[in-house]
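# Structure at a glance
Residue-level listing of the chains:
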Amino acid sequence: MTFSISSNVVIAITLWLMLALSCMSESHDFDSRNGYEKFGHGSPKNRGGKNRGPLKSHGGKNHGPKKPPSSPPTAPSSPPPRPFGLKVGFYKGLCPNNVDIEATIINKVREHFAKDSSIIAALLRMQFHDCFVHGCDASILINGTSSEKMAGPNLSVRGYELIDALKSIAEAQCPEMVSCADIIAIATKAVIKLVSIILRISLLAFGEKGA
């Protein structure tokens, strides 16, 4: 009977110890998981010493190296775009010594007009014939047996001597800058303006006589 009681006690104590050890083991595993998650080490699989996440202090601040704030990229500076298309003042500031080449061309056209007023019709026709084929590119000034200049409708075009003289002046005062097509356009505009002035004066004179 004594052996039986002792055996039962021993069995009970053994079962109690096994249960206690099991509870302690589960509590230890739970604390370990909470510890890893609390200190930012990730899951318990990272116990090999490798940190797979940022280390954080208890205050939640990252003690790693701080990166300086990056400034937004700036676009490289580029020169202001050149105006597209011929207009009044297009060549201003492009010639040496600030030469106003447009005013020089206009003055020469006025001088020629004072000698030969028929240059108005000649320049208007030249401008039209030059622009009629492939645009206003001064190709009508090119010499050659198969050039536009020698085409049938263009054989009666005149005013080449004036354009050649204006081109020589432009090259002397503003070298390699003013195109032949622009010279024709500036000269034609100048004679049109001269005609408009003459017509206004004539109309005013006619009105005064009529009154």
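Now for a description of the structure that goes with this document. (Residues numbered from 1 in each chain as written. Predicted model: local features only at pLDDT ≥ 70, side-chain atom pairs only at ≥ 80, totals over all residues. Heavy atoms only, no water.)

### What about the overall build of the chain?
- A tally of helices and strands in the chain yields 5 helices and 0 strands.
- Along the chain direction, N to C, the helices and strands of the chain fall in the order α-α-α-α-α.
- Per-residue burial over the chain gives 22% buried out of 211 residues.
- Split by element, the accessible area of the chain, about 15,900 Å² in all, is 63% carbon and sulfur. (Helix = DSSP H or I, 4+ residues; strand = E, 2+ residues; numbered from the N terminus. Buried < 20%, exposed > 50% of the residue type's maximum accessible area, 1.4 Å probe, protein only. Areas by Shrake-Rupley, 256 points an atom, 1.4 Å probe, with all protein chains shown as cover.)

### Here we look at the nonpolar core
- Counting residues in hydrophobic clusters, the biggest one holds 31 residues, and the most contacted among them are Ile101, Met126, Leu141, Ile163 and Leu166.
- Those elements giving two or more residues to this core turn out to be α2 (101-115), α3 (119-132), α4 (160-173) and α5 (180-210).
- With 8 residues, α5 is the largest single contributor of residues to this core.
- Aside from chain neighbours lying at most four places away, what touches Leu166 is Ile105, Lys108, Val109, Ile183 and Ala187. (Core = buried A, V, L, I, M, F, W, Y, C linked by side-chain atoms within 4.5 Å. Contact = heavy atoms within 4.5 Å.)

### Quick word on the state of the cysteines
- Applying the stated criterion across every chain, the model contains 2 disulfides.
- Note on cysteine connectivity: Cys95 is disulfide-linked to Cys174, with sulfurs 2.1 Å apart. Judged by the sign of its S-S torsion, about -85°, the bond between Cys95 and Cys174 is left-handed. With Cys95 in the loop between α1 (2-38) and α2 and Cys174 in the loop between α4 and α5, this residue pair connects regions lying 79 residues apart in the sequence.
- Each sulfur of the disulfide joining Cys131 and Cys136 lies 1.8 Å from the other. Its torsion about the S-S bond being 115°, the disulfide of Cys131 and Cys136 is classed as right-handed.
- Given a relative accessible area of 25%, Cys131 falls into the partly exposed group. (Disulfide = S-S within 2.5 Å.)

### Re the packing of aromatic side chains
- In this structure the tally under the stated criterion is 2 aromatic pairs.
- Judged by centre distance (5.0 Å) and plane angle (85°), the ring pair of Phe90 and Tyr91 falls under edge-to-face. Of the two residues, Phe90 and Tyr91, neither departs from the other in class, the shared state being buried.
- The interplanar angle of 40° and the centroid separation of 5.7 Å between the aromatic rings of Phe128 and Phe132 together place this pair among those described as tilted. Note that Phe128 and Phe132 are positioned in helix α3 at a spacing of 4 residues, about one turn of the helix. As far as the burial class goes, Phe128 and Phe132 line up, both exposed. (Phe/Tyr/Trp six-rings, centres within 6.5 Å; stacked < 30°, edge-to-face > 60°.)

### Structural notes on the side chain of Asn154
- Within the fold, Asn154 resides in the loop between α3 and α4.
- Within the structure, the side chain of Asn154 is placed 2.6 Å from the backbone oxygen of Glu148, a separation counted as a polar contact.
- Excluding its chain neighbours within four sequence positions, the residues that come into contact with Asn154 are His129, Ile140, Glu148, Lys149 and Tyr160. (Polar contact = N/O pair within 3.5 Å; in protein donor to acceptor, adjacent residues only side chain to side chain.)

### Quick notes on the side chain of Ser139
- Here Ser139 shows up in the loop between α3 and α4.
- If we ignore the near neighbours within four places in the chain, the residues touching Ser139 are Asp130 and Glu148.

### With respect to α4
- If you check α4, its first and last C-alpha atoms are 20 Å apart, about what 14 residues at 1.5 Å a residue would give, namely 20 Å.
- Among the residues making up α4, those that are buried are Tyr160, Leu162, Ile163, Leu166 and Ala170. When α4 is viewed along its axis, its buried side chains cluster within an angular range of 155° and face the same direction. Opposite its buried face, α4 presents the exposed residues Glu161 and Ala172, each directed more than 90 degrees away. (Expected span 1.5 Å × (residues − 1). Arc of directions from axis to C-beta.)

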